[in-house]
Amino acid sequence: MEATPADLDAAIQKVEKEFSRLEVESKSNFGIVNPAEIEISLGDSDSSAYVPTGFETVDKYLNDLGRKQVTLIAGRSSEGKSTLIRQIVANAVDKQKRVLWMIGESTIEAEMQRFYEIVCGRDEKLYKLEQINKVIVKMPSDEAMKGLRRWMGNNLRLLHKTDSRLRSTDELFRAIESELKKNNPQLIVVDNLMSFLNASAIEKNEAQSAFMQRLTDIARQYGCHIVLVLHPNKSYRPGEQLEFEHISGSSDLYNKADIVLTIRRATEDDLTKNRHVNGWIGIVKNRRWGKLKQVQINFDHETKSFSEIDETGRVQRRRYDLQRFMDLELKFYNGTTQTIENREGW
């Protein structure tokens with residue numbers, strides 16, 4: 001039986017396809033490399049490439065927040081996740097790092113009021129009081145706001161999910177990549193996963209895995225550090241040490257993360273043992289450096305911020321470098337850490 005023109009065309013296409021496959025295979029190593037040809041580099045030698053959290057022991061163990069990494073921060077509701085985020089953002093801005101802060105809940109106005117309260121600390125000269133119905137709120141004075149704007153410069157950018165009208169996670173990632181191309185933030189904070197992720201209960205784990213993979217890819221591609229805020233699952237009980245296995249959702253979240261930090265408040269039983277320690281920041285995963293630690297912290301109700309407690313039991317309160325941006329005379333605003341012996345005032 002003679003071959004038809006169609007049969008000849010099909011045979012030619014088959015041969016061409018096979019040649020194409022063989023050519024690709026001959027040029028590709030499928031990711032297999034010779035380790036003798038690899039130049040070992042575990043990170044940047046330039047310290048400006050790193051973003052410190054502002055907590056001395058955490059930064060010592062993590063070697064700060066490095067490029068091309070993703071950090072998860074987990075904790076129960078009202079235990080301090082957002083407070084910790086505000087302080088990490090404030091410290092990054094204080095160190096002249098560029099930050100993209102993505103807020104899924106609350107409002108920009110409410111977040112910035114709490115942010116300014118952390119930055120301004122206890123100096124009453126920086127505040128004015130405003131009455132909002134039955135509540136009196138501390139707000140930065142007009143003079144303080146001028147200095148705060150100079151302090152922030154163009155280093156802090158905000159995205160609020162509702163105000164941005166993002167309709168999908170694809171639009172969210174396009175917004176992130178657009179900001180990376182325009183302003184090249186060194187730190188990106190996503191607070192929190194569930195407020196930005198639209199997925200049904202059935203699709204949740206798959207969507208979380210895809211979301212985490214996109215964050216990881218972006219961190220690697222653009223050389224930034226990304227922080228993602230999460231909640232624990234129902235297996236976690238108050239007072240327990242929070243481990244990464246307690247993180248709600250797909251195991252890909254903590255498996256793909258480079259760093260996992262947890263935050264928890266002290267229980268009544270904890271406070272009877274040591275009234276100065278009312279919380280902990282836990283380093284429960286540290287892929288690059290391997291060091292794990294539970295860092296004791298003290299929550300200051302006056303400034304609504306955390307301070308580390310050192311090994312001698314003294315509170316190490318971070319002060320931001322505001323003085324050079326302010327026309328007012330301030331105390332302790334020189335970018336240093338102040339040691340408080342008895343937790344009273346300054």
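(A) Expanded view of the overall build of the chain. Each helix and strand counted, the chain has 11 helices and 13 strands in total. Put simply, of all contacts in the chain between residues at least 6 apart along the chain, 63% involve residues at least 24 apart. Accessible surface, the chain as shown: approximately 18,900 Å² in total, 48% of it carbon and sulfur.

(B) Layout of the layout of surface pockets. Each pocket or cavity is described by its volume, and for the largest pocket that value is around 460 Å³. For the largest pocket, the lining is made up of 23 residues, of which Ser-78, Lys-81, Ser-82, Thr-83 and Arg-86 are closest to its centre. Looking at the lining of the largest pocket element by element, the count peaks at 4 residues for helix α3 (residues 81-94). Considered class by class, the residues forming the lining of the largest pocket number 4 nonpolar, 9 polar and 10 charged. In this model, the second largest pocket occupies a volume close to 300 Å³. Lining the second largest pocket are 13 residues; nearest its centre among them are Thr-57, Glu-308, Ile-309, Asp-310 and Glu-311. If you list the elements that add at least two residues to the lining of the second largest pocket, you get α2 (56-62), β10 (293-300) and β11 (305-309). Residue composition of the lining of the second largest pocket, grouped by class: 3 nonpolar, 4 polar and 6 charged.

(C) Just the packing of α3 against helix α4 (residues 108-120), in detail. Close contact between α3 and α4 brings their axes to 10 Å; oriented N to C, the two are set at 65°. Two packed elements cross with a definite hand, and for α3 against α4 that hand is right-handed. Across the interface between the two elements, Thr-83, Arg-86, Gln-87, Val-89 and Ala-90 of α3 pack against Glu-111, Arg-114, Phe-115, Ile-118 and Val-119 of α4.

(D) Up close: the nonpolar core. One finds Val-89, Trp-101, Phe-115, Leu-148, Trp-151, Leu-156 and Leu-187 to be the most contacted residues of the largest nonpolar core, which totals 48 residues. If one sorts the elements of this core by residue count, α3 sits on top with 7 residues. Discounting residues that sit within four places of it in the chain, Leu-148 has contacts with Tyr-116, Val-119, Cys-120, Pro-140, Leu-322 and Met-326. The next biggest cluster of nonpolar side chains, apart from the first, holds 32 residues, and it includes Met-102, Leu-159, Ile-176 and Leu-230.

(E) Local environment of the packing of aromatic side chains. Evaluation of the coordinates by the stated rule reveals 6 aromatic pairs. Judged by centre distance (5.7 Å) and plane angle (50°), the ring pair of Trp-101 and Phe-115 falls under tilted. Of this pair, Trp-101 sits in strand β2 (residues 99-103) while Phe-115 is found in helix α4, placing the two residues 14 residues apart along the sequence. Residues Trp-101 and Phe-115 agree in their burial class; the two are buried. Taken together, a centroid distance of 6.2 Å and an interplanar angle of 40° make the contact between Phe-115 and Trp-151 tilted. Here Phe-115 is found in helix α4, whereas its partner Trp-151 is found in helix α5 (residues 142-152), with 36 residues between them in sequence.

(F) Spatial organisation of the packing of helix α7 (residues 169-183) against helix α9 (residues 204-222). The interhelical angle for the contact between α7 and α9, taken along N-to-C directions, is 10°, at an axis separation of 12 Å. With respect to α9, the axis of α7 lies roughly parallel. Judged by the twist between their axes, the crossing of α7 over α9 is right-handed. On α9, the residues that touch Thr-169, Asp-170, Leu-172, Phe-173, Ile-176, Glu-177, Leu-180 and Lys-181 of α7 are Phe-211, Arg-214, Leu-215, Ile-218, Gln-221 and Tyr-222. Tallied by class, residues from the contact of α7 with α9 come to 8 nonpolar, 2 polar and 4 charged.

(G) Region of the structure containing α5. Within α5, burial applies to Ala-144, Met-145, Gly-147, Leu-148, Trp-151 and Met-152. Angularly, the buried residues of α5 cover 165° about the axis, an arc narrow enough to put them on a single face. Of the residues in α5, the exposed ones pointing more than 90 degrees away from the buried face are Asp-142 and Arg-149. Note on α5: the residue one or two positions beyond its end, Gly-153, has a positive phi of about 55°.

(H) View of the pairing of strand β7 (residues 225-230). Counting buried positions over the 6 residues of β7 gives 6, a clear majority of the element. Side-chain alternation along β7 places His-225, Val-227 and Val-229 on one buried face and Ile-226, Leu-228 and Leu-230 on a second face that is also buried. Looking at chain direction, strand β1 (residues 69-74) and β7 are connected through 6 bridges and run parallel. Bridged to Leu-72 within β7 is Leu-228. Here 4 bridges tie strand β6 (residues 187-191) to β7, and the two strands are oriented parallel to one another. Within β7, the residue paired with Val-190 across the bridge is Leu-228.

(I) Looking closely at the pattern of salt bridges. Applying the stated criterion across every chain yields a total of 20 salt bridges. With a closest N to O distance of 3.4 Å, Lys-125 and Asp-123 form a salt bridge. Residue classification places Lys-125 among the partly exposed residues on the basis of a relative accessible area of 45%. Connected through salt bridges with shared partners, the residues Arg-86, Glu-111 and Arg-114 form a single ionic network.

(J) Structural context of the environment of Asn-255. In this fold, Asn-255 is placed in helix α10 (residues 252-256). The spatial distance from the C-alpha of Asn-255 to the C-alpha of Lys-285 is 9.6 Å, given a sequence separation of 30 residues. Discounting residues that sit within four places of it in the chain, Asn-255 has contacts with Lys-285 and Arg-287.

Scoring rules and cut-offs
Residues numbered from 1 in each chain as written. Predicted model: local features only at pLDDT ≥ 70, side-chain atom pairs only at ≥ 80, totals over all residues. Heavy atoms only, no water. Helix = DSSP H or I, 4+ residues; strand = E, 2+ residues; numbered from the N terminus. Contact = heavy atoms within 4.5 Å. Areas by Shrake-Rupley, 256 points an atom, 1.4 Å probe, with all protein chains shown as cover. 1 Å grid on protein atoms, 1.4 Å probe; cavity = no way out; pocket = protein on both sides within 12 Å on 5 of 7 lines; lining within 4 Å. Points joined across faces, edges and corners; volume = space filled by probe spheres on them. Nonpolar A, V, L, I, M, F, W, Y, C, P; charged D, E, K, R; others polar. Axes fitted to C-alpha atoms, helices over the stretch in contact; angles between N-to-C directions. Left-handed = near helix turned anticlockwise from the far one by under 90°. Core = buried A, V, L, I, M, F, W, Y, C linked by side-chain atoms within 4.5 Å. Buried < 20%, exposed > 50% of the residue type's maximum accessible area, 1.4 Å probe, protein only. Phe/Tyr/Trp six-rings, centres within 6.5 Å; stacked < 30°, edge-to-face > 60°. Parallel < 35°, antiparallel > 145°, perpendicular 65-115°, else oblique. Arc of directions from axis to C-beta. Pairing = 2+ DSSP bridges. Salt bridge = Lys/Arg side-chain N within 4 Å of Asp/Glu carboxyl O.

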